[in-house]
Amino acid sequence: MPELISPTVRLHSSWLASRDEWGHGVHQPGSGLRPKDDVVSPAGFAAWVSRLLAEEDTSIPAAAGLVHCTYRWIVDGDDYLGAISLRHTLNDFLFRAGGHIGYGIRPSARRRGLASWALGEMLGVAGKLGIDRVMISCDVTNEVSARVIEGAGGVLEDIRDSEIGRVKRYWITL
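Keep in mind the model is a prediction, meaning the values are calculated, not measured.

Chemist: So what's going on with the overall build of the protein chain? Which residues, and what values?
Modeler: The helix and strand inventory of the protein chain stands at five helices and seven strands. Walking the protein chain from its N terminus toward its C terminus, one meets helices and strands in the order β-α-α-β-β-α-β-α-β-α-β-β. Across its three principal axes, the protein chain shows a C-alpha extent of roughly 40 × 40 × 30 Å. Sorting the 174 residues of the protein chain into buried and exposed places 45% on the buried side. Considering only residue pairs separated by 6 or more positions, the protein chain has 59% of its internal contacts joining residues 24 or more positions apart. Just so you have it, the protein chain exposes about 8,800 Å², and 55% of that area is on carbon and sulfur atoms.

Written out as structure tokens, the structure is:
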């Protein structure tokens, strides 16, 4: 049975196996992984996990250009299946392209309904944070993600060119 958990060093080897499925250097939506993050060494992975957890803490000012963000990992026991993130507010970039929520499922765990389930769970978290409207975007060619968003009540606002490519922008009212 899948569950959403806070990032943890306990799943380092499973996370690395997932990264290998995505491919080294491939963007993993919702993961919070940045190009300079060292996720291979135990110390580097621990530092990355600590950063993800700290970004949720609203008592710590967000880094320049960033917003507070809640990261959750989609797991089944000790198997890392994917990630979902909830940005607490939208800056200009997130309003244009990224949205409040990003998610990604490792290739071997797709087609099980995990993205739809995780999105529903994270919308509940958004509501508890007092967010009443959530913007979610997806690549214009990602029909699977568009169906996930629409299935959660997403209403298409527009399709636009952005810094991350051509995206569909949806709003979900909570």
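Chemist: Mind laying out helix α4 (residues 114–128), listing which residues take part and the relevant values?
Modeler: An ideal rise of 1.5 Å per residue puts 21 Å on 15 residues; α4 measures up with 21 Å between its terminal C-alpha atoms. Of all the positions in α4, only L114, A115, A118, L119, M122, L123 and A126 are classed as buried. Down the axis of α4, the smallest arc covering the buried residues is 160°, so these residues share one side. Once α4 ends, the next one or two residues include G130, with phi positive near 85°.

Chemist: Give a detailed account of the sheet that holds strand β2 (residues 69–76), specifying residues and quantitative values.
Modeler: With antiparallel pairing, four strands are arranged side by side in an open sheet as β1-β2-β3-β4. A single partner strand is all that each edge strand has here, and the edge strands are β1 (3–5) and β4 (101–105). Across the sheet, the mean angle separating the axes of adjacent strands is 25° when strand polarity is ignored. Pairing of β1 with β2, which is carried by three bridges, proceeds in the antiparallel orientation. Looking at the pairing, L4 lines up with I74 of β2.

Chemist: Hey, could you go over the pattern of salt bridges for me, with residue numbers and the actual values?
Modeler: For the coordinates displayed, the defined rule picks out 13 salt bridges. For E21, the salt bridge identified is with R106, shortest N-O distance 2.8 Å. In this pair, E21 is assigned in helix α1 (residues 12–22) and R106 in the loop between β4 and α4, connecting sequence segments 85 residues apart. On the basis of relative accessibility, which here comes to 31%, the residue E21 falls in the partly exposed class. Note on R106: relative accessible area 8%, which makes it buried. In this structure, the salt-bridge partner of D158 is R169, at a minimum N-O distance of 3.1 Å. With D158 in strand β6 (residues 155–162) and R169 in strand β7 (residues 165–173), this pair connects stretches of sequence that are 11 residues apart. For R169, a relative accessible area of 0% translates into the label buried.

Cut-off values and rules
- Residues numbered from 1 in each chain as written.
- Predicted model: local features only at pLDDT ≥ 70, side-chain atom pairs only at ≥ 80, totals over all residues.
- Heavy atoms only, no water.
- Helix = DSSP H or I, 4+ residues; strand = E, 2+ residues; numbered from the N terminus.
- Buried < 20%, exposed > 50% of the residue type's maximum accessible area, 1.4 Å probe, protein only.
- Contact = heavy atoms within 4.5 Å.
- Areas by Shrake-Rupley, 256 points an atom, 1.4 Å probe, with all protein chains shown as cover.
- Expected span 1.5 Å × (residues − 1).
- Arc of directions from axis to C-beta.
- Pairing = 2+ DSSP bridges.
- Axes fitted to C-alpha atoms, helices over the stretch in contact; angles between N-to-C directions.
- Salt bridge = Lys/Arg side-chain N within 4 Å of Asp/Glu carboxyl O.

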